Amino acid sequence: MNADGMTPWRLLRGALCILVAVYLLAPLVVVVIISFSSASFLQFPPPGLSLRWYAQLLSTPAWTNALLVSVKLLVPSSILATLMGTAAAYALVRGRIPGATVIMACLMLPIVVPGMITAAALFGVYRGMGLNGTLTGLVIGHTVLSLPYVVATVASALRVQDARLEQAASTLGAPPWTAFRRITLPLILPAVLSSLLLAAILSFDELIVSLFVSSARVRPVAVQMWSNLLGDFDPTIAAIATVCFGFALLVLIADLALRAGRGLRLA
Amino acid sequence: MTNVLELSGVQKRYDAVVAVDALDLSLRSGEFLTLLGPSGSGKTTTLMMVAGLQQPDAGTITLNGASVAKLPPYRRDIGMVFQHYALFPHMTVRRNVAFPLEMRGVSKTEALRLVDEALQLVGLPDHGDRLPKQLSGGQQQRVALARAMVYRPALLLMDEPLGALDRKLREQLQLEIKRVHQERGISVLYVTHDQEEALTMSDRIAVFNQGRIEQIGSPEELYDRPATRFVAGFIGDTNFLSGKVLAVSDGRCEIETPAGRLQARATQGLLVGASASVAVRPERVVPAASAALRGTITDVIFLGTSRKYVVRLKDGTECVVLRPANEAALGARGSEVELGWAPAHATAFRDG
Ligand SMILES: Nc1ncnc2c1ncn2[C@@H]1O[C@H](COP(=O)(O)OP(=O)(O)OP(=O)(O)O)[C@@H](O)[C@H]1O
Ligand SMILES: [Mg+2]
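Residues numbered from 1 in each chain as written. Chains lettered and ligands numbered in written order. Predicted model: local features only at pLDDT ≥ 70, side-chain atom pairs only at ≥ 80, totals over all residues. Heavy atoms only, no water.

> Report on the sheet that holds strand β14 (residues 275–280) of chain B, specifying residues and quantitative values.
Residues and elements named next belong to chain B. Read around the closed barrel, the five strands follow the order β11-β12-β13-β20-β14; overall the barrel is mixed. Here the average twist between neighbouring strands, direction ignored, is 55°. Pairing analysis gives two bridges linking strand β13 (residues 260–266) to strand β20 (residues 346–350), with the strands arranged parallel. Bridge pairing links A266 to A348 in β20. (Pairing = 2+ DSSP bridges. Helix = DSSP H or I, 4+ residues; strand = E, 2+ residues; numbered from the N terminus. Axes fitted to C-alpha atoms, helices over the stretch in contact; angles between N-to-C directions.)

> Requested: an account of the interface of chain A and chain B, with residues and values cited.
Contact residues are listed per partner, giving 21 residues for chain A and 27 residues for chain B. Looking at the side of chain A facing chain B, the largest losses of area belong to T171, L172 and R182 of chain A, adding up to 34% of the total buried there. The interface formed by chain A and chain B holds one salt bridge in total. Inspection of the region where chain A meets chain B yields four residue pairs in polar contact (both at pLDDT 80 or more). Of all the secondary structure elements, the ones that give two or more residues to the side of chain A that touches chain B are α7 (164–171), α8 (176–205) and α11 (236–266) of chain A. For the side of chain A that touches chain B, the leading source of residues is α7 of chain A, giving seven residues. The residue inventory of the side of chain A that touches chain B, partitioned by class, reads 12 nonpolar, five polar and four charged. (Contact = heavy atoms within 4.5 Å. Buried area = accessible area lost by both parts, 1.4 Å probe. Salt bridge = Lys/Arg side-chain N within 4 Å of Asp/Glu carboxyl O. Polar contact = N/O pair within 3.5 Å; in protein donor to acceptor, adjacent residues only side chain to side chain. Nonpolar A, V, L, I, M, F, W, Y, C, P; charged D, E, K, R; others polar.)

> Tell me about the pattern of salt bridges, and please be specific about residues and values.
All names here are of chain B. Across all of its chains, the model carries 24 salt bridges over all chains by this definition. The closest approach of N and O atoms between D21 and R212, which form a salt bridge, is 3.0 Å. Of the two residues, D21 sits in strand β2 (residues 17–28) while R212 sits in strand β10 (residues 212–217), which places them 191 residues apart along the sequence. We classify R212 as partly exposed; its relative accessible area is 44%. The residue E31 makes a salt bridge to R204 at a minimum N-O spacing of 2.4 Å. (Buried < 20%, exposed > 50% of the residue type's maximum accessible area, 1.4 Å probe, protein only.)

> Quick rundown of the packing of helix α6 (residues 135–160) of chain A against α8 of chain A? Include the residues and the values.
Residues and elements named next belong to chain A. Contact geometry of α6 with α8 gives a least axis separation of 9 Å together with a crossing angle of 150°. With respect to α8, the element α6 is oriented roughly antiparallel. The handedness of the crossing between α6 and α8 is right-handed. Residues H142, S146, Y149, V150, T153, V154, A157 and L158 of α6 pack against T184, I188, A191, V192, S195, L198, A199, L202 and S203 of α8. Residues of the contact of α6 with α8, tallied by class, amount to 11 nonpolar, six polar and no charged. (Parallel < 35°, antiparallel > 145°, perpendicular 65-115°, else oblique. Left-handed = near helix turned anticlockwise from the far one by under 90°.)

> Give me the sheet that holds strand β17 (residues 306–313) of chain B: which residues, what numbers.
Paired through backbone hydrogen bonds, the strands of a sheet run either parallel or antiparallel to each other. Residue and element names in this part refer to chain B. Pairing within the open sheet is antiparallel, and its five strands lie in the order β15-β19-β16-β17-β18. Because the sheet does not close on itself, it has two edges, and the strands there are β15 (286–287) and β18 (318–324). As judged from the four bridges shared by strand β16 (residues 293–302) and strand β19 (residues 336–340), these two strands associate in the antiparallel manner. Across the sheet, residue T296 finds its bridge partner in β19, namely E336.

> Could you give me a rundown of the environment of L157 of chain B, with the residues and numbers involved?
All names here are of chain B. Counting through the fold element by element, L157 comes out in strand β7 (residues 155–159). Sequence separation of L157 and K70 is 87 residues, and the distance between their C-alpha atoms is 20 Å. Apart from residues no more than four positions distant in its own chain, L157 is found in contact with L47, V50, A51, I78, G79, M80, V81 and L189.

> Go over the site of ligand 1 with me, naming the residues and quoting the values.
Residue and element names in this part refer to chain B. In the vicinity of ligand 1, 13 residues are found, and the nearest of them are S39, G40, K43, T44 and T45. Separating an oxygen atom of ligand 1 from a side-chain N or O atom of S39 is a distance of 2.5 Å. Contacts to ligand 1 include G40, whose backbone N or O atom sits 2.7 Å from an oxygen atom. Elements with a contribution of two residues or more to the shell around ligand 1: β2 and α1 (43–51). Considering only residue class, the shell around ligand 1 consists of four nonpolar, seven polar and two charged. (Near = heavy atom within 4 Å.)

Put into structure tokens, the structure is as follows:
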């Protein structure tokens, strides 16, 4: 902000922005600080600092297992959702498919339908197939939940991109798959990677479907946190929350770096 | 002479809109044929069907004598220049131009040689390493041209390739396209809605109107002997005088107008007693002693190489006359003049 622009309005606006930022960030900051607490129970401000809760986290099999399950879950589900979502978006935006808008609306349903209903529906379907309590069941569930976000992100990138580029490639001798790989994909790649990261975060954070479909053996981090909160809890929960937050932050930074790198390359 | 391209009875509709209707067109080898017509008359649609990017609903298209109904765009071996360049933004100029060669499996060294040659041809030998967005509009257009020609397609399609450029650049690129066409002996199907551009560049012009071809012919034919009122009005400046048909014979006719009795070339459909219009170019109107038309000069405009006179005829209609500036003046503003023309220089059309 420059000095000559310091009108009362600007001051008020600045103050409001800071207020909102504090409101959004304060709980997060409190949690992060508590995770480094030396006290045995949740207490703010902490009496001293230590890494004991992180040590506790790594020495508790329930938590390490949960972290492992979460990774085994988010990697395949985000990749699957990105592949399928990109293919679907491409077909719906570029293909001449009758009823494309209806199909698009159906793909968006998991966003609109309350998570509880999707979860209950999956649970019902899985019961007959023996998928409840399996990693496969969780992967399918999370793929379904992430799909609409991928479709929406990639579809909007495709709509912005000039369809004539592909037509040009085709008149120049490129078969459809080559034209997609050489022309379209590089141009929508930032959106595709963005949605991959988004799907990873969604999977890591997802609770409701995971609650229905998971079991004691196959229990992702979000469910483990949930059940921990129901019992008596100590700052371990703050430590795992900080890990989650760190993961989300990392993904966000990766996404920003991706965009910036791309911007530089095209500039 | 063989035909590179032939369209017969081609039709294309979008829902209720008939974009192209009963189209017959043939392109001779090495010919520069322009599709000229107002916006929405079906020019782009025609080009897209030839390229294979749209499928006709009826009719056949043949390339070098073979039907292309089942041939996808990437196997037609046609070069196409799109209206807005359609250069690949993530590739350098050199890689853009090399793209069609790569698709054809041309070896690297040979491709490099051909790309350099093509960039040389369009006057951009030093721009190979730039990205499209680092070029001006005219330079991008030339890259698009190089990319469409580098693999030496037998047929080049161009959809208003100069539409977005300023006048000076347009004229320069018109000459360049013309030169490339002649040097390479490529057949060109060119689209424009600029009649001047069509007249200066084409061997033949097809005038489009509402999805149909009104007339195909050389620029001179279209200009001097338009077949329909639409063509007469669309190409060049024209005076229209309306009246009634008195007599038709031997390709000539006589029309009675409120301004006087006129002679003209007859076109199809003229009936004695029916109403008709006579079209005559401003530069074909000459001062004449035994004149059919009499009027008063209301305006004189000096245009450098010529003078333009606006003459109000005795019935009130205006007639524009264009005379070379080095000729004696027709008269000053307010003076009475008598005008006429050789009957072959005017054309009569049926009204309605
Ligand atoms: N994809 C489409 N869907 C529906 N109608 C279309 C489509 N493309 C073209 N049309 C219609 O077909 C007709 C011919 O369009 P076309 O693009 O061939 O015209 P044009 O002669 O190229 O015009 P312009 O000089 O404006 O480019 C127009 O009435 C247009 O509205
Ligand atoms: Mg067009």
